[in-house]
Amino acid sequence: MIKSLVYLNADLASSIALRYCCRLANKTNMEIETIHIEPLDEKKSSPGSGWVRKTWENGMLEEAKIKIMRLISAEKDVCPALKEPIVRIGDPETELLRELQIKDYDLFVIGLIHSFSARQFYKRMKSKFYQASSCPILVVKNLSSINRVAILIQPDDDTKLQAETFLMLFQNAAIAVDIVTCMFHRKVALKRKHLDESPGEKDRAGSSIVNRLEEAGFSPDIIALKGDAASIGDRLSDYPLVLTAPPPVTEKNPPLLECLSRISSAILFCRK
Amino acid sequence: MKILVAVDHNGYCAHAVAQASALAANTWSNVILLGVWGKSAAGGKLPIQTAVDNYRKQFIDFFKKGECPYTEYDFSHEWIDLGSGVYEEFYMAKSARKELKCRIRKGPPVKAILAEAKETGADLIITGCEASGGCIWTESPQTPLRLVNEAGCSVMLTKSDKKIDHIVCCLDNDNVTQASLELINQMVTIHNARLTLVGFEDKEGGFQAVVEKRMYATLRYYQSAGIEPTVEMVDRDAFEPFVSERRQWGLVAFWLGPQSILKKWLPKARMNRIVKESKASVLILK
């Protein structure tokens, strides 16, 4: 049984993420827990201490729980019966990292509204949580039918991680999978958006993951995409789910990051 | 719904008639095909009359034989009981189930079209335009843009016969009527198109509360109709490059009512530029 944790705020992104996760649960053997962390704003915090502070915090927790229960209740027609959400007060990133470590979840799910500007996406990818998380993170931007997965690899990638993450989720699922190898060209050099798509070849990276998936009963297609990051990202938006290794943080805005920011569906980041 | 298709005698209006036929076939709306003509007749049939005749044929030809609700049909003899044991055989012609009127108005095109729209209570004006010239009518260039700005009802500008496989709707602060939601629903169904709902980003990097609420309700409406829109956020300063970059859209729709944020953010000249330069057809929902 896959243990997943879905982060909820009382917003549209969380509603979409929860629905997506419930669809995923219908395809896989997955249990869903939900969590909300109410940020503690030090400027507005109670000046008291001890019993006064405790009462104030309890009030905040209760209010937050009601908001999140309302969201969960609104999705009950598509979601199986969900347990009561975990609600805490504190720094969201710190509390989430702690929760993931304590309960050893297999998957963390969070919503993010797809934006033309990549600013929010870049901010998230570079955040402490995304760098330190111990389990795969599924970022859901939009809802769609989960009937096909693109496993994104670049030349010379060690693809063992992508293969294991895919199989962890979809081992016995009725789902199609494409291995998509990407070669990014700089748009500046091309002076225009450009995309070449062709059937791929089983190069070193591709053959390893193809063999692993075939052993598990899948018949992946291999597709090679060459072009600028934005065009490749737009093409990948045709997939309801894209699985990838996390983009490198050593480079400033690597092409993989720009490509991922353009994907309007959902992205699953593997974790070591 | 009542659809007014405004045409002149140039070929770009054929796209408008094609869209109107598809929409009418799905909605069974009453349709007015209006030709506008600014010059006096020298005698004989006017070119605009020939054009309207041809557009009417194009409209009717869209339907399969025997399925057109806009033509009279089923001419036959039927026995009618007159009472007291008396029957009479009548020659029956069942009238068209829906109305297709063909009209011509003489005068400045915008004035003529708006007068027709007002008189007939049109809910939607559809017209074509010459896309390469910046969405113009050949003999009265500003007609399409002026209709967008001055019509009291929704206006659709069709720019080409390009297949509409992706519809993008820009939601903002304004009230979204049920009729306009249903019109988009019809367009998505007719063209089997993808649908994207676009909202404007606030300074904190999210939607304004009122826009988010509206986006949620709109999303739910389309999901219950079996359509799965995608949601996208755009910063208002990036709106023009956003529209310019997404050339593959078939149709872009704007809700531009009295409370529209777009109207406040974008001066009329910039909005007109977006409408003119977009490669996609444009639907202004009011």
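Rules used throughout
- Residues numbered from 1 in each chain as written.
- Chains lettered and ligands numbered in written order.
- Predicted model: local features only at pLDDT ≥ 70, side-chain atom pairs only at ≥ 80, totals over all residues.
- Pairing = 2+ DSSP bridges.
- Helix = DSSP H or I, 4+ residues; strand = E, 2+ residues; numbered from the N terminus.
- Axes fitted to C-alpha atoms, helices over the stretch in contact; angles between N-to-C directions.
- Contact = placed C-beta atoms within 7 Å.
- Domains from an automatic or database assignment.

Caption draft 1: Region of interest: the sheet that holds strand β12 (residues 266-269) of chain A. Residue and element names in this part refer to chain A. Taken in spatial order, the 11 strands line up as β3-β2-β1-β4-β6-β12-β11-β7-β8-β10-β9 in an open sheet, and their pairing is mixed. Whereas interior strands pair on both sides, the edge strands pair on one side only; in this sheet they are β3 (86-89) and β9 (195-199). Within this sheet the neighbouring strands show an average axis-to-axis angle of 25 degrees, counted without direction. The sheet contact formed by strand β1 (residues 2-7) and strand β4 (residues 107-111) spans three bridges and is parallel. Counted as the bridge partner of Leu5 is Phe108 from β4. Packed onto the sheet, helix α3 (residues 92-103) meets β1, β2 (30-38), β3 and β4 and runs at close to 150 degrees relative to β2.

Caption draft 2: Just the sheet that holds strand β11 (residues 251-255) of chain B, in detail. Read from one edge of the open sheet, 11 strands run β5(A)-β10(B)-β9(B)-β8(B)-β11(B)-β12(B)-β7(B)-β6(B)-β1(B)-β2(B)-β5(B), paired in mixed fashion. Each having just a single partner strand, β5 (114-115) of chain A together with β5 (100-106) of chain B make up the two edges of the open sheet. Relative to strand β10 (residues 230-235) of chain B, strand β9 (residues 194-201) of chain B runs parallel, the two sharing six bridges. Each residue of the ladder has a partner; that of Leu197(B), found in β10(B), is Val231(B). Sitting on the sheet, helix α1 (residues 13-27) of chain B touches β1 (2-7), β2 (30-37), β6 (124-128) and β7 (154-158) of chain B, and the angle it makes with β6(B) is about 145 degrees. Where helix α3 (residues 109-120) of chain B meets the sheet, its contacts fall on β1, β2, β5 and β6 of chain B, and the angle it forms with β2(B) comes to roughly 155 degrees.

Caption draft 3: Spatial organisation of the domain arrangement of chain B. Residue and element names in this part refer to chain B. When the domains of chain B are assigned, the result is domain 1 (1-67 + 98-159) and domain 2 (162-286). Taking only C-alpha atoms into account, the centre of domain 1 sits 24 Å from that of domain 2. The interface of domain 1 with domain 2 comprises 18 residues on the first partner and 17 residues on the second. No other element matches the five residues that β7 contributes to the side of domain 1 that touches domain 2.

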